[in-house]
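So the chains spell out like this:
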2 protein chains.
Amino acid sequence: MPFIYENYSGFRDVTEVVNGIMLGTPPAERPTMPATARPATDSRQPEIPAKRRAGRPSSAVLDQAVITSAALRLIGKSGYDGLTMAALARSLHVAPSALYNHVTSKRDVLVLVEDHLASLVDVSAFGAEPWDEAVRQWAWSYRDVFSKHTPLIPVIAVLPVTDAPQTLAMYESVSEGLRQAGFPQERIVSSIVALESFIFGSAYDVTAPADIFDPGSMAESTPNFTAAVRSLAEQGHEKPADVAFSLGLEALISGLGALRR
Amino acid sequence: MPFIYENYSGFRDVTEVVNGIMLGTPPAERPTMPATARPATDSRQPEIPAKRRAGRPSSAVLDQAVITSAALRLIGKSGYDGLTMAALARSLHVAPSALYNHVTSKRDVLVLVEDHLASLVDVSAFGAEPWDEAVRQWAWSYRDVFSKHTPLIPVIAVLPVTDAPQTLAMYESVSEGLRQAGFPQERIVSSIVALESFIFGSAYDVTAPADIFDPGSMAESTPNFTAAVRSLAEQGHEKPADVAFSLGLEALISGLGALRR
DNA sequence: TTCGTAAATGAATGGCATTCATTTAGTGGT
DNA sequence: ACCACTAAATGAATGCCATTCATTTACGAA
């Protein structure tokens, strides 16, 4: 008997709601009212969208593209902790269950986001620059994009490429670049996997706290490590994550370059 | 008024419980009964542990070591999806809230597990073998241990070493090995970070589905990548994750070796 | 007109980590 | 010997979460 019930917050019909509690006749008994006949208050308060009746709307509210961009907006504002199906639905002025007409699970949403991000990775240097410079630009770009989205890494790392067309397109660009650079066909995928593994691991480093290696009270029992940490801190003014990434990437590039014929 | 209430499953006093429902006087009114005076059924049915009264037990049931090994057992049996605070408590015949006297959060449990695993990584070759061979053995061992525990990677990657003494001990061994091999002090940490990043990323690969790179219906639009995938499949009979790991690791070892003096 | 399907709402459901009041046991001080 | 304090357990919430299902409504094809 829903004579009194709550609504989604931030998704209220001001004509009927007081203090977050809606009072009135139950929805089934309320006469339908076409959108064009709604009170003028609706158009003057766009920040409080009109409540949608149950049932299929005249024009679809959701699709995968809309969900993807809302998810990205939400991640930008609230981070991955804030990305819940409920919050995503709220940001789209929709009931949580409505999302499941377009995605089968939250993981699906993450895959949509991942594939969008893959399209932001810069592969333009392949074909335009020497292979090693192209790999360098691609790798830095790839790391920078995903260092802001590390919660996706466990998803990407085991994601079949079929489910991610933009990601696949990225692999195609890199594959073509390596083939033209003289990499033997059968080593290309392994080389990409090796580079990508390094990139994913390095993306986490970017987000690590600055004092992650401070041995604290255990400094005496770890003299070699402690000295190495101190020496790094004294030496460089670059970000430690960038130094390590550069070091490893250059090692990989020169090591993999030896495979070419 | 708990005259009728449920118990934790698998944690029942057979003398008082029927069909998962306990009938009888509430705990406050039940006379206390010392453990030595308990019915003999207790000792003959150890698989159904006696229900513990509320209040501090005579000897402590939990500590961090007990929690850690229970967590590892649970992970082995049910995977990380099965590692919940409730399941962990159940496996220890304890109420979930009891765990919080010894850890502050589930993340704490993961850190305990991580640090235990770090002690399983083989660093014995440092000092006993040439530096490159020592790095090789360490890296393979490290990857193998954590490929079965990938959900820990997001935790480790940003974990201050102070909170993980065994992990710190591992770093100390590697640092000493690299110093003795002639690596300049200020490059040692960066080298370890680069290797570790590659290792973490590669640990995910191990768990990826075999057909992760099958382009499916999009094969025509990705000729270079498709050819590379096919060529790898035809070529090798080794596990693709192992081939890529070997390739990248050897590249890193030879690249980093150039830093020595 | 009727029927089937797509896309929305609304109301559960069960599981989750965590918190808090309460109970009990040991310990250190007077 | 008593008393206060603290540690370590239980039991009962709390609030959030992803997901499911019945229901409602709209549109398009037969």
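Just so we're clear, the structure is a prediction, and the values are computed from it rather than from any experiment.

Trainee: Account for the overall build of chain A, naming residues and giving values.
Mentor: Of regular secondary structure, chain A possesses 11 helices and 3 strands. Listing each helix as α and each strand as β along chain A from the N terminus yields β-β-β-α-α-α-α-α-α-α-α-α-α-α. Counting every position in chain A, which comprises 261 residues, the buried fraction comes to 46%. Contacts in chain A between residues far apart in sequence, at least 24 positions, make up 67% of those at least 6 positions apart. Carbon and sulfur atoms make up 54% of the accessible area of chain A, which amounts to about 13100 Å² in all.

Trainee: Can you explain the relation of the copies chain A and chain B? Please cite residues and give values.
Mentor: Once chain A has been moved 0.0 Å along the axis and rotated by 180°, it coincides with chain B to within an RMSD of 0.0 Å. In the structure described here, the two chain copies are related by an operation that fits a two-fold rotation axis. For chain A, the smallest separation between a C-alpha atom and the rotation axis is recorded for F198 of chain A, amounting to 2.0 Å. Same-surface contact between copies: 100% of interface residues of chain A are shared with the interface of chain B.

Trainee: Account for helix 8 (residues 165–180) of chain B, with residues named and values stated.
Mentor: Across its 16 residues, helix 8 of chain B extends 23 Å between first and last C-alpha, which sits within 8% of the 22 Å expected from 1.5 Å per residue. Those residues of helix 8 of chain B not exposed but buried are T167, L168, M170, Y171, E172, V174, S175, G177 and L178 of chain B. Along its buried surface, helix 8 of chain B packs onto helix 10 (223–235) of chain A together with helix 5 (106–118), helix 6 (131–147) and helix 9 (185–207) of chain B.

Trainee: I'd love a proper account of the protein's contact with DNA strand D, names of residues and values included.
Mentor: Around DNA strand D sit 33 residues, and of these K51, V61, A95, S97 and H102 of chain B come closest. The sugar and phosphate moieties of DNA strand D supply 68% of its atoms located within 4 Å of the protein. L62 of chain B places a polar main-chain atom, nitrogen or oxygen, 3.0 Å from a phosphate oxygen of DNA strand D. At the level of elements, helix 3 (85–91) of chain A together with helix 4 (96–99) of chain B are the ones that each hand at least two residues to the surface near DNA strand D. Counted by class, the surface near DNA strand D contains 16 nonpolar, 10 polar and 7 charged residues.

Trainee: Let's hear about empty space enclosed by the protein: which residues, and what values?
Mentor: Residues and elements named next belong to chain A. Following the criterion strictly, the structure yields 1 cavity of 30 Å³ or more and no others. In this structure, the largest cavity occupies an estimated 40 Å³ of space. Lining the largest cavity, in full, are I156, L159, P160, V161, A164, T167 and Y171. Broken down by class, the residue content of the lining of the largest cavity amounts to 6 nonpolar, 1 polar and no charged.

Trainee: Break down the interface of chain A and chain B for me, citing the residues and quoting the values.
Mentor: Of the residues lining the interface, 59 residues belong to chain A; the matching set on chain B comes to 59 residues. Between chain A and chain B, the buried area comes to about 5100 Å², and carbon and sulfur atoms account for 72% of it. Viewed at the interface, chain B and chain A are joined by 0 salt bridges. Elements that contribute at least two residues to the side of chain A that touches chain B include exactly helix 7 (153–156), helix 8 (165–180), helix 9 (185–207), helix 10 and helix 11 (240–257) of chain A. It is helix 9 of chain A that provides the largest number of residues to the side of chain A that touches chain B, a total of 16 residues.

Trainee: Can you explain unusual backbone geometry? Please cite residues and give values.
Mentor: Of note in the backbone geometry, H93 of chain A takes a positive phi value of approximately 55° without being a glycine. Looking at the element boundaries, H93 of chain A is found in the loop between helix 3 and helix 4 (96–99).

Trainee: Got a sec to walk through the pattern of salt bridges? Specific residues and values, please.
Mentor: Residues and elements named next belong to chain A. Applying the stated criterion across every chain, the model contains 10 salt bridges over all chains. Here E133 ties to R136 by a salt bridge, and the two come within 3.2 Å at their closest N and O atoms. Within this pair, E133 and its partner R136 are both found in helix 6 (residues 131–147), separated by 3 residues, close to a single helical turn. For R136, a relative accessible area of 18% gives the class buried. Taking the shortest distance from any N to any O, the salt bridge between R143 and D242 comes out at 2.8 Å. Of this pair, R143 sits in helix 6 while D242 is found in helix 11, placing the two residues 99 residues apart along the sequence.

Thresholds applied
In this numbering scheme, every chain counts its residues from 1 along its sequence in written order. Numbering of ligands from 1 and lettering of chains from A proceed in the order in which they are written. For a predicted model such as this one, the threshold for reporting local features is a pLDDT of at least 70, and the threshold for listing and counting side-chain atom pairs is 80 or more; totals across whole chains, interfaces and linings nevertheless cover every residue. Working from all heavy atoms in the structure, the side-chain values ignore hydrogens and water. Runs of H or I in DSSP of at least four residues are treated as helices and runs of E of at least two as strands, each being numbered from the N terminus. Buried residues are those whose accessible area, probed at 1.4 Å on protein chains only, stays under 20% of the maximum for their type, while exposed residues exceed 50% and partly exposed ones sit between those limits. By definition in these notes, contact holds between two residues if any of their heavy atoms fall within 4.5 Å. The Shrake-Rupley method, run with a 1.4 Å probe sphere, supplies the accessible areas, and residue values consider only the shown protein chains as cover. Superposition of the copies used a least-squares fit over C-alpha atoms from residues whose pLDDT is at least 70 in both. Helices are assigned an expected span. That span is 1.5 Å times one less than the residue count. We define proximity as follows: a residue is near a molecule or strand when any one of its heavy atoms falls within 4 Å of that partner. Polar contact is the term for a pair of N or O atoms within 3.5 Å; when the atoms are in protein, one must be able to donate a hydrogen and the other to accept it, and sequence-neighboring residues count only if both atoms are side-chain atoms. Classes in brief: Ala, Val, Leu, Ile, Met, Phe, Trp, Tyr, Cys and Pro nonpolar; Asp, Glu, Lys and Arg charged; the others, Gly included, polar. Buriedness for pockets is judged along seven lines, at least five of which must meet protein on both sides within 12 Å for an open set on the 1 Å grid over protein atoms alone, while cavities are sets there where a 1.4 Å probe fits but cannot get out, and lining residues have an atom within 4 Å of a point. Grid points are joined across faces, edges and corners, and a volume is the space filled by probe spheres set on the points. Accessible area, probed at 1.4 Å, shrinks when two parts are joined; the buried area is that loss added up over both. Salt bridge, as used here: a side-chain nitrogen of Lys or Arg that lies within 4 Å of a carboxyl oxygen of Asp or Glu.

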